[in-house]
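# An overview of the molecular structure
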Amino acid sequence: MKMNKIYKSLGLLLALSLFSSCYKDHSVNGDHPLAVVEVAEPIASVQTATFGEVTVIKSPAYTITTGASVTPSYEWIVDGVVVSTEKDLSYSPTSYGKHDARLRMYTPDGSYFYRFTIDVPFRYVDGLYVLASNEGKTILSYLPGGEKTDAFDLDAFGRSNPAIDMTGDPQSMVIYRYVPGAGASRGYLGIALGLPTRYYRVSADSLKVLTPRISFTNPVDFSHASGNQATVKEYFISGANVWEMDKTATVPAKKQNDRLTRVASGYSLAPAIVNWRALTGTRISEGVAFFDNAGSNLLYVSFGWKGIVKKVRTFTTSATSGDTSEENPFKDMTLIDMKSAGEGNYTYNYTLLLLKRNTDNKYFVARLTAGDFAQSQNVDGATVSIVEFTEGTPTHLQPNLGGTAALVATADKVYFYNMANATATTHPAWISLPAGQTIASMALTSDNRLFIGANGTGAGLVGSIYSYNVAGITPVLLKSEEGITGKIKQIVYRQFNN
């Protein structure tokens, strides 16, 4: 029995050996080198592409490891999607930002992979936004900053939002920055136009409308954003009242009306708002200021928990009794323009006002700082200096960066007023535009470039942009872009940190 088992085992081994000798190995010899792609130098790890334009990214030079004449296949993947199987990638971005990309070059023997980034920079990050009217419609255009002043982007908003009806005249525009959290920052534009007024909240990066239209009954004479960058709110002067909206809101409300009425009954607000900051010891109080044309009052609204409204006054003390009396430095005046210098920088918390005195039709420029809140509950003491403007009919005001001087525009000229020189009565024109131009708006950058938006006569593309270097005593013309847009209503300059 035992011998039978041994014989059976030997027979099975013999059968297996015979089967094995009949099997033929059809594979290539094991030591044969594989024909795979070997890249000489990879492409750059970051490729920059322009939104809406075709960018060609060339594949890298390569060799095949065996020296064989094998042509690899290609696969380009962007954001997880195969976008091309050509040797070179022709890519037209449809969205901004950074995109994950991968190149695969492969032969039957193996694949080469390389990961990289396609960066599509936001188009509108450092330059001038121009709000204008043309052929019955509102257009928003863009002039890149730096050296790209020849690349004017006419009606950039219209191309980004072809479904938005922009019929009607432009009214106002505001730009602001919102910081939702650490490492995040977003730029916003607000545009008001037409009647009844439509207001759109827009991405400053892409000019895409972000919010359904917000409606006002009256024209929006002025738009403003204030608060710290994480809780920013939008403010509007419409119908001589102030309207307020949180950034996510779509319905404006007169939230400050009761507070203002208690201090300035029957107020009628001029189309201007400024940030108002006051320093008491080490405490900074923030708010916004309006000018009441009906009562000739500069009104400050605190952002503090009490929401106090104060009238701005100057105080004088009697030399004999020591009594303090208050005086309205803006008595009988109405406001033409008002701006703050050094917005966002507490070192320069100066406000400048351009005013007309109704009793004698004289014009004045006033400079003041926020008060110290040491006086009465309803009045805010402030240091005010006033200079009479005697060079014509002023229309616009722009403080210099330090708030020490006012750039005042008349029809086609800009005058430089040193606010420390209250006795000067005549000034030569600091800037003179070509004949026939009328200044519509001004904007000053942090590197002392003054942009002027001006309009010629007639219809069509009558709007022009002039830029000057105003760092020195004498302005230097940097660039003039004449007749490039419709009739300009307003310009604002956005720098990268806005």
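Source: prediction; values computed, not measured.

Now for the environment of lysine 487. Along the polypeptide, lysine 487 turns up in strand E37 (residues 487–494). Residue classification places lysine 487 among the exposed positions, given a relative accessible area of 52%. With 33 residues separating them in the primary sequence, lysine 487 and alanine 454 have C-alpha atoms 8.2 Å apart. Those residues in contact with lysine 487 that lie beyond four places of it in its chain are Leu131, Ala132, Ser133, Asn455, Gly460 and Val462.

Ranked by size, the top nonpolar core spans 38 residues in total, and within it Trp76, Phe116, Ile118, Tyr129, Leu140, Leu189 and Leu207 carry the most contacts. Contacts of leucine 140, omitting those with residues within four sequence positions, involve Tyr129, Val130, Leu131, Asp155, Ala156, Phe157, Met173, Leu189, Ile191 and Leu207. Residues Ala270, Leu298, Leu355 and Leu368 belong to the second largest nonpolar core, which totals 19 residues.

Bringing the environment of leucine 352 into the picture now. On the secondary structure map, leucine 352 appears in strand E25 (residues 350–357). Not counting the four nearest positions on each side in its chain, leucine 352 is found in contact with Asp337, Met338, Lys339, Val365, Ala366, Arg367, Leu397, Pro399, Gly403, Ala405, Ala406 and Met419.

Turning our eyes to something else, we now look at the side chain of glutamate 391. Mapped onto the elements, glutamate 391 comes out in the loop between strand E28 (384–389) and strand E29 (396–399). For glutamate 391, which is buried and forms no salt bridge, the nearest opposite charge comes from lysine 413, at a distance of 12 Å. A distance of 2.9 Å separates polar atoms of two side chains, one belonging to glutamate 391 and the other to threonine 390.

Time to look at the sheet that holds strand E35 (residues 463–469). Taken in spatial order, the four strands line up as E33-E34-E35-E36 in an open sheet, and their pairing is antiparallel. On the outer flanks of this sheet lie strand E33 (438–444) and strand E36 (476–485), each paired with one strand and no other. Across the sheet, the axes of successive neighbouring strands diverge by a mean angle of 20 degrees, strand direction being ignored.

All right, on to the side chain of serine 340 then. Structurally, the position occupied by serine 340 is in strand E24 (residues 333–341). The class for serine 340 is buried, based on a relative accessible area of 16%. A polar atom in the side chain of serine 340 sits 3.2 Å from the backbone oxygen of asparagine 275. A polar atom in the side chain of serine 340 sits 3.1 Å from the side chain of threonine 351. Residue contacts for serine 340: discarding those within four places in its chain leaves Val274, Asn275, Tyr350, Thr351 and Pro399.

In this section: the pairing of strand E30 (residues 405–409). In terms of burial, E30 is largely enclosed, as five of its five residues are buried. With four bridges joining them, E29 and E30 adopt antiparallel strand pairing. Its bridge partner being in E30, leucine 397 is matched across the sheet by valine 408. Where E29 hands over to E30, the hairpin turn is made up of five residues, of which glycine 403 adopts a positive phi near 75 degrees. As judged from the five bridges shared by E30 and strand E31 (residues 413–418), these two strands associate in the antiparallel manner. Along E31, the bridge assignment pairs alanine 409 with valine 414. Between E30 and E31, which pair antiparallel one after the other, the connecting turn spans three residues.

Before going further, it helps to examine the pattern of salt bridges. Applying the stated criterion to the full structure yields 14 salt bridges. Between glutamate 244 and lysine 233 there is a salt bridge, and its shortest N-O distance comes to 3.2 Å. With glutamate 244 in strand E18 (residues 241–246) and lysine 233 in strand E17 (residues 233–238), the pair connects residues that are eleven residues apart, well separated along the chain. Residue lysine 233 is classed as partly exposed on the basis of its relative accessible area of 28%. Between aspartate 447 and arginine 449 there is a salt bridge, and its shortest N-O distance comes to 3.3 Å. What makes arginine 449 buried here is its relative accessible area of 13%.

So, about the packing of aromatic side chains. Tallied over the entire structure, the rule returns 14 aromatic pairs. Among the aromatic residues, ring-to-ring pairing joins Tyr199, Phe216, Phe236 and Trp243 into one connected group. Its guanidinium or amino end placed over the ring of tyrosine 106, arginine 104 lies 3.8 Å from that ring's centre, counting from NZ or CZ. The ring of tyrosine 350 carries arginine 367 above its face, with NZ or CZ at 3.9 Å from the centroid.

With that settled, the discussion passes to unusual backbone geometry. For the bond running from leucine 195 to proline 196, omega is -10 degrees, close enough to zero to count as cis. By the element assignment, proline 196 lies in the loop between strand E13 (186–193) and strand E14 (197–203). With a phi angle near 50 degrees, aspartate 79 is a residue other than glycine that sits in the positive phi range. Secondary-structure assignment places aspartate 79 in the loop between strand E5 (73–78) and strand E6 (81–84). Positive phi values are uncommon outside glycine, yet aspartate 155 reaches one of about 55 degrees. If you trace the backbone, aspartate 155 turns up in the loop between strand E11 (137–144) and helix H2 (156–160). A relative accessible area of 26% means that aspartate 155 is categorised as partly exposed.

Scoring rules and cut-offs
- Residues numbered from 1 in each chain as written.
- Predicted model: local features only at pLDDT ≥ 70, side-chain atom pairs only at ≥ 80, totals over all residues.
- Heavy atoms only, no water.
- Helix = DSSP H or I, 4+ residues; strand = E, 2+ residues; numbered from the N terminus.
- Buried < 20%, exposed > 50% of the residue type's maximum accessible area, 1.4 Å probe, protein only.
- Contact = heavy atoms within 4.5 Å.
- Core = buried A, V, L, I, M, F, W, Y, C linked by side-chain atoms within 4.5 Å.
- Lys, Arg positive; Asp, Glu negative; His and termini not counted.
- Salt bridge = Lys/Arg side-chain N within 4 Å of Asp/Glu carboxyl O.
- Polar contact = N/O pair within 3.5 Å; in protein donor to acceptor, adjacent residues only side chain to side chain.
- Pairing = 2+ DSSP bridges.
- Axes fitted to C-alpha atoms, helices over the stretch in contact; angles between N-to-C directions.
- Phe/Tyr/Trp six-rings, centres within 6.5 Å; stacked < 30°, edge-to-face > 60°.
- Lys NZ or Arg CZ within 6 Å of the ring centre and 35° of its normal.

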